[in-house]
Each structure stands twice: as structure tokens, then as C-alpha cells.
Amino acid sequence: MSLRWHAALLDPATPGGWAVVHCQQQFLFDSNGVLFPRDWLKRLELPLLSEQGLGYFDGDAVFLFELDRPVAVPGASWQGLRQFMLHNDDRDLFRMLGYAAQIGTWATQHRFCGHCGARMQQHARERAMHCPDCGIHHYPRLSPSMIVLITRGDELLLARSPRFAPGVYSTLAGYVEPGESVEQCVEREVREEVGVSIHSPRYITSQGWPFPHSLMLGFHAEYAAGEIVPQPEEIEDARWFSIHRLPELPARQSIARYLIELYLARRLGRDDPVLPG
Ligand SMILES: NC(=O)c1ccc[n+]([C@@H]2O[C@H](COP(=O)([O-])OP(=O)(O)OC[C@H]3O[C@@H](n4cnc5c(N)ncnc54)[C@H](O)[C@@H]3O)[C@@H](O)[C@H]2O)c1
Ligand SMILES: [Mg+2]
Ligand SMILES: [Zn+2]
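It should be emphasised that the depicted structure is a prediction, and the values quoted were computed from it without experimental measurement. (Residues numbered from 1 in each chain as written. Chains lettered and ligands numbered in written order. Predicted model: local features only at pLDDT ≥ 70, side-chain atom pairs only at ≥ 80, totals over all residues. Heavy atoms only, no water.)

A. How the structure looks around the coordination of the zinc ion (ligand 3). Within the protein, the atoms that donate to the zinc ion (ligand 3) are Cys-113 (SG), Cys-116 (SG), Cys-131 (SG) and Cys-134 (SG), at distances of 2.3 to 2.4 Å. Coordination geometry of the zinc ion (ligand 3): the four donor atoms subtend angles of 100 to 121 degrees at the metal centre, consistent with an arrangement described as tetrahedral. Along the chain, the residues donating to the zinc ion (ligand 3) are arranged with the sequence spacing C-x2-C-x14-C-x2-C. Within this pair, whereas Cys-113 is found in the loop between α3 (91-109) and β8 (121-122), its partner Cys-131 is found in the loop between β9 (129-130) and β10 (137-138), the two being separated by 18 residues in sequence. For Cys-113, a relative accessible area of 5% gives the class buried. (Donors = N, O, S within 2.8 Å, 3.2 Å for Na, K, Ca; no water. Tetrahedral: all angles 85-135°; square planar, octahedral: opposite > 155°, others 65-115°. Helix = DSSP H or I, 4+ residues; strand = E, 2+ residues; numbered from the N terminus. Buried < 20%, exposed > 50% of the residue type's maximum accessible area, 1.4 Å probe, protein only.)

B. Quick look at the coordination of the magnesium ion (ligand 2). All of the protein donors around the magnesium ion (ligand 2) are Ala-173 (O) and Glu-193 (OE); their distances to the metal are 2.2 to 2.3 Å. You can see Ala-173 sitting in strand β13 (residues 172-175) and its partner Glu-193 sitting in helix α4 (residues 182-194), a full 20 residues away along the chain. By relative accessible area, Ala-173 is classed as partly exposed at 31%.

C. Representation of the side chain of Thr-171. Within the secondary structure, Thr-171 sits in the loop between β12 (155-160) and β13. The exposure class of Thr-171 is buried, given its relative accessible area of 6%. In contact with Thr-171, other than residues within four places in its own chain, are Ile-147, Val-148, Leu-149, Leu-158, Ala-256 and Ile-260. (Contact = heavy atoms within 4.5 Å.)

D. Region of interest: the pattern of salt bridges. Enumeration over the complete set of coordinates arrives at 17 salt bridges. Its salt-bridge partner being Asp-90, residue Arg-4 comes within 3.4 Å of it at the nearest N-O pair. Of the two residues, Arg-4 is situated in the segment before β1 (5-10) and Asp-90 in the loop between α2 (81-87) and α3; the sequence distance between them amounts to 86 residues. In this structure, Asp-92 engages Arg-4 in a salt bridge whose closest nitrogen and oxygen atoms are separated by 4.0 Å. Residue Asp-92 is located in helix α3, and its partner Arg-4 is located in the segment before β1; the two are separated by 88 residues in the primary sequence. Accessibility expressed as a relative area gives 32% for Arg-4, which makes it partly exposed. Three or more residues are tied together by salt bridges with common partners; here these are Arg-4, Asp-58, Asp-90, Asp-92 and Arg-95. (Salt bridge = Lys/Arg side-chain N within 4 Å of Asp/Glu carboxyl O.)

E. Geometry of the domain arrangement of the chain. The assigned domain composition of the chain is domain 1 (5-109) and domain 2 (143-268). Put simply, the middle of domain 1 and the middle of domain 2, counted by C-alpha atoms, are 32 Å apart. Carbon and sulfur atoms make up 59% of the surface buried where domain 1 meets domain 2, a total of about 820 Å² over both sides. Three residues, Arg-82, Met-85 and Gln-102, lead the burial of domain 1 against domain 2; their summed loss comes to 48% of the area buried on that side. Linking domain 1 to domain 2 there are one salt bridge. Notably, a salt bridge pairs Asp-89 with Arg-252, separated by 3.1 Å at the nearest N-O pair. (Domains from an automatic or database assignment. Buried area = accessible area lost by both parts, 1.4 Å probe.)

F. Region of the structure containing the site of ligand 1. Taken together, 19 residues surround ligand 1, and among them Tyr-175, Glu-193, Trp-209, Ser-214 and Ala-256 come closest. A distance of 3.0 Å separates an oxygen atom of ligand 1 from a polar backbone atom of Tyr-175. Here an oxygen atom of ligand 1 sits 3.5 Å away from a polar atom, N or O, in the side chain of Glu-234. If you list the elements that add at least two residues to the shell around ligand 1, you get β11 (143-152), β13, α4, β14 (197-209), β15 (214-225) and α5 (255-268). (Near = heavy atom within 4 Å. Polar contact = N/O pair within 3.5 Å; in protein donor to acceptor, adjacent residues only side chain to side chain.)

Structure representation (C-alpha cells):
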């Protein structure tokens, strides 16, 4: 993996550097991209909720301006994080924006202490919000989620959520609940979402997924028994698809797509795919 982007705790009191401007999963961009000279941005008097020192991109310090609302800036426009992922092949840039979006959302959602209601402060030495009155720390929110490809020989079990783009079918996914192992989560989510049982779920790889704050833990499992019964509301349709007649698949940047392509490659004797970093 290349190292053009790496996160670091930078002090917002340090002058200069570059900044990205984020609001509700969107970033400001112009013909030069998403990085703006920070001192220039400061003069615009944007409705700032939080400023964070994010890290280094190509060796330059990068800060985040988290805004209260997506105000108009002459010569610039707003674009969703998902669009940057889908239509820009610069994975380092996407990793930086994914990090920025998660940090910005977390910082604004933790401005006040959930325990005593006092105004929280940014911790000086770690990425945390800290309550000066009762001492609580809040770290960036991260939700472990499993994602699993279920297969039966030449067939894949794929499903549609009502939230998906028309025609797209994907692997099953779901959030880990308190107290369960990821393997237990895989079994439970599969039972809940499609009603079948599986055997030998095997961990493959993981992917950070900033929509909105998931860590995807990818599995492969073999079908064991049962008929498909889609979970009302969550699963619009679920079917077995032959590897020779697949529906429209999820974005090539996703671990869902990677798990499918990996199985196809092994089954059809092709080279293994590469999961985008
Ligand atoms: N990268 C990929 O390839 C890929 C593919 C599919 C899903 N995902 C991601 O996996 C995650 C989980 O998938 P899902 O939506 O099917 O989950 P899911 O099946 O657990 O159902 C989602 C619902 O669970 C509830 N929920 C429970 N815990 C939650 C939490 N910690 N945060 C938010 N909602 C919670 C909410 O009501 C939500 O609507 C999502 O973030 C999704 O974007 C990633
Ligand atoms: Mg799900
Ligand atoms: Zn407190």
C-alpha cells in the first residue's frame, strides 16, 4: 500500500498547511481538487463547527474544516464522498477523505458530554474528545460489521436491500452486536436475512468503509441447509445465481465485489483480484 496519505494528530493552533472542507458526507472541491490553502479558507469565515489536524498528504500537513451547513463558496462546489470513491481512481485521496468524513462527523456529534452535558474539548495527545468536568473520553466511532459470500458449488447467494441501486445484488452484511463474536454475527445475520444455515465461515480480509463508520470483516461460507426466506423490510430479494449468469454487482471498490471476484477467480482458474486499499 502506498503512503501518500497517513493520519497524524496535528495541532490546529499550528498555522499554514492545507485543508479539506466537509459537511454531511460532502466535500468542497474546485479545479485544483479538494485541498485548499488553509489560511485562505480562514478568511472566508465559514460556519465552522470543528477544526481538526488530520495528517499528511504527499508530505504536506492537512487539516479539516467541519462545517455546520454546506454554504456556497464562489468557484467551488460540493461533492459526495461516494462520488469521490466511484469516479476518482486516487485511492490515497479517497482514504484521506474517508478518514476526514468520519473524524468530522464524530467530532461534531461529540461536542457535548453524553454523561454530564458539559462542552467537550479535543484531547491534546490523542484523537479523542474529552470532558473537562467528568473526565469521559470519546474516541472516533467505528462499527465492526461482517460481510459474507455464501456459495453452493457454482452458485452464489446474493441479495438486494431496498437501498441498493436498481438491479444490483450483493453479499450479506450486518453490524456486530455487543457480546457476540464476528463468527456468531455471520451465522445470526445469515439466518435473519435469508433464513439459511451455513458451515465453516472463513475470514478472508477486511476493509475500512466510511459509509458511515464501518469496519467490514469479510468472510466466505458454504451453504449448509434451508430455503431462502428474505427478511421483511431489510431484504427485497435474495436468490442463487450461477457464476456464469450474474446480476449487476456492487462497486468494484467494495469488499463485497472483491469477495465475489475472488470466488470466481478460484472457481474459474483466473488470477486473484486485488482489493483496493
Ligand atoms: N464495503 C462493502 O462492500 C459493503 C457492502 C455491504 C454493506 N456494507 C456496509 O455494512 C454495514 C452494515 O450492513 P447493513 O446495513 O446490511 O447492516 P444490518 O444488516 O445490521 O442492518 C442495518 C440496520 O441495522 C441497524 N443498526 C444496528 N447497529 C447499527 C450500527 N452500529 N450503526 C448503524 N446502524 C445499526 C440500523 O437500523 C440499520 O438500518 C453498513 O455500513 C454498510 O454500508 C459495506
Ligand atoms: Mg444487512
Ligand atoms: Zn462529562
